[in-house]
Amino acid sequence: MASEGPRPLVAGNWKMNGSVAMLKEPRLLAAMLKDVKLKADVMVCPPAVILRRVKSVLKGSKIKMGGQDCHWNPAGAHTGDVSAEMLKESGCTAVIAGHSERRTNHAETDEMVMKKARGAHRAGLTAIICIGETLEERKSGKTLEVVSRQLKGSVPEESTAAKTVIAYEPVWAIGTGLTPTTPEVAEVHAHIRAELAGIMGAEGKGTRILYGGSVKPSNAVELMSQPNVNGALVGGASLKAADFLGIIKVYT
Ligand code: PEP
C-alpha cells in the first residue's frame, strides 16, 4: 500500500547500461503494463545514445522516458555533453540532475545541479534532482544538515511541483543492497517536505519525493508505504523488465 500525496513516479535509471539487445526489456515491460491500471507514472532513463530507439519501442505505451544528465546551456561548445533541448527533441519528458555518481565522478556541485535543473525547466522537462548523504555523513549525524544544504543549493526557488521531482538517494545505499530503516527514510522525507516549503512555497507540497538506493521487489512495498515517499528512483532493478515490474506493482 502506497502512501498518500502526489501521483507517484517510478523511474528506472539505466546508468551506463543499455544496448540494442537490451531493447527487449522496455518492449517486454510495455507489453506487461498494457492492460494494467497504474496509480503511478513509470519512466525509464536510458543512455543518451539509445534514447530514440527506446522511444520507438515505447511508442503507444504508458512508459515515459528521461535523460540521465544534461548541460545547462541549450547548445554550444561543450564536447560530449547533451542539452535539455536535445533530450526533449529525442522524446524525453524529464532528466536526472545531480545523481551522486555525477556529483562524485564529475565533481558536480550544487550550483551546477541548480543550473542543470533550470536548463531542464527551460526546455520544458521535469528535473529529477538527486540528493543524499554519504555513509560518513550519516554516521556522524549530519544527514539532515547535508540534505538541507543540497536542497537549498540545487533546487531553483521558481520550481513548480509539476516540473520538479526530488530523489533522496543515500549514497551508501546505491548499488550496495543496503537501505536505511523505514523510520530513517520517513524522517528524511519529512525533512525534505518541510525544506521544500521554504524553497518553493506552496509548490513544495505537491512535489514528488522519490526514495532511491537498492530498491527491489522485496523491499518496495515497505519503502513506498512511508509517508512522503512518492515513488522510487531505481538503478539495478530497472534493467530487467520482470524486476522493474515487481517494484511498479506497488502502484497497481
Ligand atoms: C540509482 O543509481 O539511482 C540507484 C538507486 O541505484 P540502485 O537502485 O542500483 O541502488
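This report concerns the structure included in the present document. These numbers were taken from a predicted model, which means no experiment stands behind them.

### Some words on the nonpolar core
- The biggest cluster of nonpolar side chains holds 62 residues, and the ones touching the most others in it are Leu-151, Ile-192 and Tyr-211.
- With six residues, the top contributor of residues to this core is helix α8 (residues 182-200).
- Apart from residues no more than four positions distant in its own chain, Leu-151 is found in contact with Ile-131, Ile-166, Ile-192, Glu-195, Leu-196 and Ile-199.
- Counting residues in hydrophobic clusters, the runner-up holds twelve residues, among them Ala-94, Ile-128, Val-165 and Leu-233.

### Let's talk about empty space enclosed by the protein
- Evaluation of the coordinates by the stated rule reveals two cavities of 30 Å³ or more.
- In this structure, the largest cavity occupies an estimated 40 Å³ of space.
- Contributing to the lining of the largest cavity are Trp-14, Glu-25, Pro-26, Leu-29, Val-44, Ser-238, Lys-240, Ala-241 and Phe-244.
- For the lining of the largest cavity, the secondary-structure elements that each account for two or more residues are α1 (24-33) and α10 (241-248).

### Re the site of the ligand
- Inspection of the region around the ligand gives 14 residues, with Lys-15, His-99, Glu-169, Gly-175 and Ser-214 positioned closest.
- The separation between an oxygen atom of the ligand and a polar main-chain atom of Ser-214 is 2.8 Å.
- Taking a 2 Å distance to the grid points as the criterion, the majority of the atoms of the ligand fall inside the second largest pocket.
- Grouping the amino acids of the shell around the ligand by side-chain chemistry returns four nonpolar, eight polar and two charged.

### Focus on a positive patch on the surface
- On the surface, Lys-34, Lys-37, Lys-39 and Lys-62 cluster together to form a positively charged patch.
- Tracing the backbone through its elements, the reader meets Lys-39 in the loop between α1 and β2 (41-45).

### Remarks on the state of the cysteines
- Throughout the structure, instances matching the rule amount to zero disulfides.
- Left unpaired, Cys-45 is separated from the closest cysteine sulfur, that of Cys-92, by 7.5 Å.

### Remarks on α8
- Between its first and last C-alpha atoms α8 spans 26 Å; for 19 residues at 1.5 Å apiece the expected length is 27 Å, and the two agree.
- Looking at the residues trailing α8, positive phi occurs at Gly-201, about 65 degrees.

### With respect to the side chain of Glu-25
- With respect to the helices, strands and loops of the structure, Glu-25 is situated in helix α1.
- Overall, the relative accessible area of 9% leaves Glu-25 in the buried class.
- Discounting residues that sit within four places of it in the chain, Glu-25 has contacts with Leu-239, Lys-240 and Ala-241.

### Topic: the pairing of strand β6 (residues 164-168)
- Within β6, five of the five residues are buried, which leaves the element mostly enclosed by the surrounding structure.
- Along β6, one buried face is formed by Thr-164, Ile-166 and Tyr-168 and the opposite face, lined by Val-165 and Ala-167, is buried too.
- Examined bridge by bridge, β6 and strand β7 (residues 208-212) share four bridges and lie parallel to one another. In the strand pairing of β7, Ile-166 is matched with Ile-209.
- In the classification by handedness, the crossover that spans β6, the intervening α8 and the parallel β7 is right-handed.

### Brief notes about the packing of α1 against α10
- Orientation of α1 relative to α10, taken along the N-to-C sense of each, is 40 degrees, at an axis distance of 9 Å. By the angle between their directions, the pair α1 and α10 is classed as oblique. The hand of the α1/α10 crossing is right-handed. Between α1 and α10, the residues in contact are Glu-25, Leu-28, Leu-29, Met-32 and Leu-33 and Ala-241, Ala-242, Phe-244, Leu-245 and Ile-248, respectively.

About the cut-offs
- Residues numbered from 1 in each chain as written.
- Predicted model: local features only at pLDDT ≥ 70, side-chain atom pairs only at ≥ 80, totals over all residues.
- Heavy atoms only, no water.
- Core = buried A, V, L, I, M, F, W, Y, C linked by side-chain atoms within 4.5 Å.
- Buried < 20%, exposed > 50% of the residue type's maximum accessible area, 1.4 Å probe, protein only.
- Helix = DSSP H or I, 4+ residues; strand = E, 2+ residues; numbered from the N terminus.
- Contact = heavy atoms within 4.5 Å.
- 1 Å grid on protein atoms, 1.4 Å probe; cavity = no way out; pocket = protein on both sides within 12 Å on 5 of 7 lines; lining within 4 Å.
- Points joined across faces, edges and corners; volume = space filled by probe spheres on them.
- Near = heavy atom within 4 Å.
- Polar contact = N/O pair within 3.5 Å; in protein donor to acceptor, adjacent residues only side chain to side chain.
- Sits in = over half its atoms within 2 Å of the grid points.
- Nonpolar A, V, L, I, M, F, W, Y, C, P; charged D, E, K, R; others polar.
- Patch = residues over 30% accessible without salt bridge, like charges linked within 9 Å, V, L, I, M, F, W, Y side chains within 5 Å.
- Areas by Shrake-Rupley, 256 points an atom, 1.4 Å probe, with all protein chains shown as cover.
- Salt bridge = Lys/Arg side-chain N within 4 Å of Asp/Glu carboxyl O.
- Lys, Arg positive; Asp, Glu negative; His and termini not counted.
- Charge placed at Lys NZ, Arg CZ, Asp CG, Glu CD.
- Disulfide = S-S within 2.5 Å.
- Expected span 1.5 Å × (residues − 1).
- Pairing = 2+ DSSP bridges.
- Right-handed = clockwise from strand over helix to strand, strands pointing away.
- Axes fitted to C-alpha atoms, helices over the stretch in contact; angles between N-to-C directions.
- Parallel < 35°, antiparallel > 145°, perpendicular 65-115°, else oblique.
- Left-handed = near helix turned anticlockwise from the far one by under 90°.

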